[in-house]
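# Residue-level structure breakdown
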Amino acid sequence: MATTAAPPATGKLVGKRLRRKEDPRLITGTATYVDDIKLPGMHHACIVRSPYAAARIKSIDAKAALETPGVVAVYTGADTKEVGPVPCGASLPGLRVPHHYILATDRVYFVGHPVAVVVAGDKYVARDAADSIEVDYDVLPAAADPEKALTPGAPAVHPEWPDNTAFTYHQEGGDIAQAFAEADVIVKQRITSQRLIPTPMETRGVVADWKPGDKALTLYSSTQIPHLLRSLVAGMLGLAENKTRVVTPEVGGGFGCKLNVYAEEALMSFVSMKLGKPVKWIESRRENYVATIHGRGHVDYLEIAAKKDGTILGLKLKLIQDLGAYHQLLTPVIPTLSVLMMPGLYRFRNVTADIVGVFTNCVPTDAYRGAGRPEATHAIERMVDMLAAELKLDPADIRLKNFIQPEEFPFATATGLTYDSGQYDLPLRKALEIGGYAALRAEQQTARVAGKLMGIGIATYGEICAFGPSPATPAGGWESATVKVDPDGKVTVLTGSCHHGQGEETTFAQIAADELGIGLDDVVVFRGDTAIVQYGIGTFGSRGTAVGGPALYYALQNLKKKLKRYGESALGSDDVRYEAGQCICNKTGKTASLAQLAGASYRALKLPPDEEPGMQTTFFWEPPNFTFPFGAHLVVTEIDRDTGRIEIKRYVAVDDCGKIINPLIVDGQVHGGVAQGLGQALYEQVVYDDNGQLLSGELTDYAIPKATMMPWVESHHTETPSPVNPLGVKGVGEAGTIGCSPAVVNSVVDALSSLGVRHLDMPLTPEKIWNVIQQGARA
Amino acid sequence: MIPHSFDYAAATSFADALEQVAAGAKPLSGGMSLIPMMKLRLAAPERVVDLGRIQGLNYIHQDQAGIHVGALATHFEVETSALLRAGCPLLSETAGWIGDVQIRNRGTIGGSVAHADPSADYPAALVALDARIVVASKRGGERTVGANDFFVDALTTAAEPDELVKEIIVPVETMGTSYQKLLQPASGFAIVGVAARIGQDGHGRLGVTGLGARPILITDATDLAALNTTEANSDIHAASAYRREMAKVYARRAIAAARARA
Amino acid sequence: MKRTITVTINGETRSDEIEARLLLIHYLREVVGLTGAHIGCETSLCGACTVELDGKAVKSCTMFAVQANGRSLTTIEGLAKNGELHPVQEAFWNEHGLQCGFCTPGMIMASKQLLERNPNPSEGEIRHGIEGNLCRCTGYQHIVNAVRTAAERMK
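Described below are features of the structure shown in this document.

### Some thoughts on the overall build of chain B
Looking only at helices and strands, one finds 11 helices and 14 strands in chain B. The C-alpha atoms of chain B give 18 Å as radius of gyration, which agrees with the globular expectation for 262 residues (18 Å, within 12%). Each principal axis of the C-alpha distribution contributes one length, and for chain B these read about 50 × 45 × 30 Å. Per-residue burial for chain B yields a buried fraction of 60% across its 262 residues.

So, in structure tokens, the structure goes:
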């Protein structure tokens, strides 16, 4: 087991396995999350939510609540109509966008839809009063299943659009008709990627603080995107952005679900503005499950065409996306990312895809770890395995045969992407070697003879990371960094990224310390306060280090130029270099330290020609392309015939995320990603009944993995630098999730293939497997 | 997350607790079932009597009648009691399967038994053990109910509203025992749990939890036919057919493990 | 109706007037001002609120503060002594046993309990010992490493 030590004071830090700078406050219980904020005069809000998936609101009686001692206000949809709608950032042609009021007005559209808000000085009082609000509903039939919602006569989620279709989207590349005409074999399959609940351990929470004297709002929110949130909430409330400050305290996990702008963020701002008092709202877990976005929700119909030798010719996809009742920030965009990812790591250039976005009376879906790419990868990797089975080819061989080769990069895909760099066979070969693939296959033969159900599953994946070039993203896709050297020579980095557990307080300090030749402890990395940090985009889509990192790198280069100019001035020479925390005169060997240079820049007695005082640079970096990490996961399973229980005997993950800044943190990202992929593969599923009631509405019924449910992950890497950015990094936040679910399902299907099983949809619960085994035994 | 208001009093003695319960107070023991229900506002007692300060009611001792486990013995105490591990290992083993460490530190056997959750672990062991449950009230004093009669229905026991569980008496074990549990992965409760007490000859008895509204006693472990006919629970975690089949699978496993220890 | 409770928290005894229904976690976080323990669910599953009551790890969301009257509590804030981290804290730091940190105070308290009862746990015993604490970030592997190295340190 690797044990880390406290980092050395200086030295080459990038690439080192270092413990994190942010941890001391987190392990001592002294970090500040949003629920830890206490402001003078702060009030508490409790939200009344719809218990029905579809209903007309006939009346709301808040009299008893308003008479409750301690209650200062109750607001309903009638009060908040003027607040702008919850924003949808997508702009697909013909997209139907329902007006998403922050509180329901005449109708509710999903269980959990906010209907009223109660505000009191004490949160216990607010909760009591919320119970006393009587809402009279006229309950309507609901559409909870996306495929049923598309059938004629299904209840209309939004009465104005009786077909429940929010949009259709078509994309194609190459010549799909010819590809299928030339094919020796065509494999078809319906594959689902079930709805999931992101479940960060910290739910959402907001403190809104309106300062009447300044007519200015400070909004504390557990978000991944403080600046975008500021722009959008200011717009909803008609505030100037310079009078709107968003502060992101410690964030207890996001996984995409905090890459959003929610009704509650505007609602608390509205309430604080009305009352002139700070107001706090903290989401309960039950609320989190009905009010924060869900992920996935795909039904995919796929057809893959290939030659007898396994050469893949083309892929057809019909994708039904369960959108839920509304578009949140990126809801309709997510399935389009699946389409982009369709070719996977393979060379074929003929694809066609049709998306139908379907409204349902359910919580909106949106970005959840991987956001469209796990769904796509899962589908492709299942299809490739089914194709291999059909052609009686080894699943490793068919992948190796179809991979894009290293010399083909940059590689233009049929979906319009340009893959940056790759050695796709390397992680697969490494996984096969570490797993002992040949021996495993032999062991499987023996196991089968003994009547055991042993499976070996492989999945290779590519992903689109570093979101992204601005033209390809709904908001800007760049990132920003400021580097400041204070007069004492200590360095502060302000990043527009908004890490929330990914460790950039450490990795960015590693980058800055190396570039400036100083110690890790000489650097402070700060993020998440729009009043302090220059505009930024945020942390999502594996972009923190892959876009925020290069922005920092370039800011550091400019800073070093500036330091050098001050060095020339201080040392009276134009032959000066910056090295190891000081400027050195190449002729005399005389030096000026970083502190001396910074001090001189602020004292400003001897400014270099045409140079400003002060030691600070800011860089906004626009990435020229996405990055495309890749990898291979190998999973060995054994199935208990009696119970259907799946045991994971081995889990080998080989991920290539480009250059690695801190291997300890990268391993953590992979492990966590695998846990979420495994959650989808084996345990997690959102269950709505036909009336749109959420049956998996608590942690007692929605199974995120516990420590006892996780296998040991053998995490390994290959390192193929990205040419897209100067650090060579690609991003790793989503890799584990994307690689995991197809590898696990491929393994289980492999185990059950002797029973004639060719596909199973997730989650692979013991009951599902047991039923399959029973059918196999009967057949 | 926030319960309704209630009046609270800590019982100073078991007699005091009986008095307060007779006056309508809801007993609070470890609180592992009651408090979550109160937080979700599925339970809203007006008065709560806290049993947690009653001295000495967490005893575990042995006499000719068997091993007496006081109602306030925590699951952790039952799990780790040397006396039970030696004299009634089935109860200790079963306790170790309840919830998690923190739950076992607080939850009590009396509270769990009185709550009678159809997915709880103890009922399987208690019916298999033919345990006797001593209940008491101010009105009627103490009486003893056999475990198989005690569990009446889901969340319903033979105890009257003014009665409290005082202790559980389990026999000193003479057979091999085992508790085998299929966990509901989210909650950790039993989809099915089977407690077996089996002799070297393979005969013995079983208690099954999770399958129906109340635990099922099988007095002849060689005949599992009763599991085919029992009405089986069905929910999003396990349909009745699977649950019934798993009851049989786990019964066979429990029998084998118990017999190996006989 | 309010009542007064007296509790010793991290070695300091204090009295407060509280409602009977006040949950221990709310008492700690909002009355006492110790915000290290967190709230991640309302069904006693996540363990983010874990503190020690008379030496036993408990979920402070599933207790009323009145139940702690007269008892002694240790929270995450009380683990480090004189600026020295507890070996379990140190191990979580060294082994990257946390990412977002939200579950961490509870996870550390549960790990401490585990090692007090079983100083030399196997991987399976570690996983079993922390099954009352959910983490969505780490996949638990670095937490397992942390508990192992803490066990070594504490020998």
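### Comments concerning the pairing of strand β18 (residues 453-462) of chain A
Residues and elements named next belong to chain A. The element β18 is extensively covered by neighbouring structure, given that 10 of its 10 residues are classed as buried. Alternating residues of β18 divide into Leu 453, Gly 455, Gly 457, Ala 459 and Tyr 461 and Met 454, Ile 456, Ile 458, Thr 460 and Gly 462, and every residue in both groups is buried. Two elements, β18 and strand β26 (residues 630-639), share 10 bridges in a ladder whose sense is antiparallel. Residue pairing in the sheet places Ile 456 in a bridge with Val 636 of β26.

### Digging into the pattern of salt bridges
Residue and element names in this part refer to chain A. The tally for this structure, following the rule as stated, stands at 72 salt bridges over all chains. As a salt-bridge pair, Glu 638 and Lys 649 come within 3.7 Å of each other at their nearest N and O atoms. Note that Glu 638 is positioned in strand β26 and Lys 649 in strand β27 (residues 646-656), a separation of 11 residues in sequence. Assessed through its relative accessible area of 22%, Glu 638 is described here as partly exposed.

### Focus on the sheet that holds strand β6 (residues 134-139) of chain A
Residue and element names in this part refer to chain A. Strand order in the open sheet made by the three strands is β4-β2-β6, with antiparallel pairing throughout. Bordering the open sheet on either side are β4 (107-108) and β6, each of which pairs with just one other strand. Summarising the sheet, strand β2 (residues 55-61) and β4 pair through two bridges and their orientation is antiparallel. Residue pairing for β4: Arg 56 is matched across the bridge by Arg 107.

### Observations regarding the environment of Ala216(A)
All names here are of chain A. On the secondary structure map, Ala 216 appears in strand β10 (residues 216-221). Among the residues examined, Ala 216 registers a relative accessible area of 16% and is labelled buried. Along the chain, Ala 216 and Asp 385 lie 169 residues apart, while their C-alpha atoms are 57 Å from each other.

### A look at the pairing of strand β3 (residues 50-53) of chain C
Residue and element names in this part refer to chain C. Here β3 shows a buried face lined by Thr 50 and Glu 52 and a second buried face lined by Val 51 and Leu 53. As judged from the four bridges shared by β3 and strand β4 (residues 56-59), these two strands associate in the antiparallel manner. Paired with Val 51 across the strands is Val 58, a residue of β4. In this sheet, strand β5 (residues 72-74) lies alongside β3 in antiparallel orientation, the contact comprising two bridges.

### Focus on helix α12 (residues 395-402) of chain A
Residues and elements named next belong to chain A. Among the eight residues in α12, six count as buried, and that is most of the element. Turning to α12, its buried residues are Pro 395, Ala 396, Ile 398, Arg 399, Leu 400 and Asn 402. In this fold, the buried residues of α12 make contact with β14 (312-324), α11 (373-391), α13 (425-435), α14 (437-449), β18 and α19 (735-752). With a side-chain oxygen lying 2.7 Å from the backbone nitrogen of Ala 396, the N-terminal cap of α12 falls on Asp 394.

### Regarding the interface of chain A and chain C
With 59 residues of chain A at the interface, the matching set in chain C holds 54 residues. Carbon and sulfur atoms make up 55% of the area that chain A and chain C hide from each other, which totals about 4900 Å². Inspection of the region where chain A meets chain C yields six salt bridges. Counting the contacts that link chain A with chain C gives 33 residue pairs in polar contact (both at pLDDT 80 or more). Elements with a contribution of two residues or more to the side of chain A that touches chain C: α1 (23-27), α4 (123-131), α9 (285-291) and α18 (663-683) of chain A.

About the thresholds
Residues numbered from 1 in each chain as written. Chains lettered and ligands numbered in written order. Predicted model: local features only at pLDDT ≥ 70, side-chain atom pairs only at ≥ 80, totals over all residues. Heavy atoms only, no water. Helix = DSSP H or I, 4+ residues; strand = E, 2+ residues; numbered from the N terminus. Rg over C-alpha atoms; globule rule 2.2 N^0.38 Å. Buried < 20%, exposed > 50% of the residue type's maximum accessible area, 1.4 Å probe, protein only. Pairing = 2+ DSSP bridges. Salt bridge = Lys/Arg side-chain N within 4 Å of Asp/Glu carboxyl O. Contact = heavy atoms within 4.5 Å. Polar contact = N/O pair within 3.5 Å; in protein donor to acceptor, adjacent residues only side chain to side chain. Buried area = accessible area lost by both parts, 1.4 Å probe.

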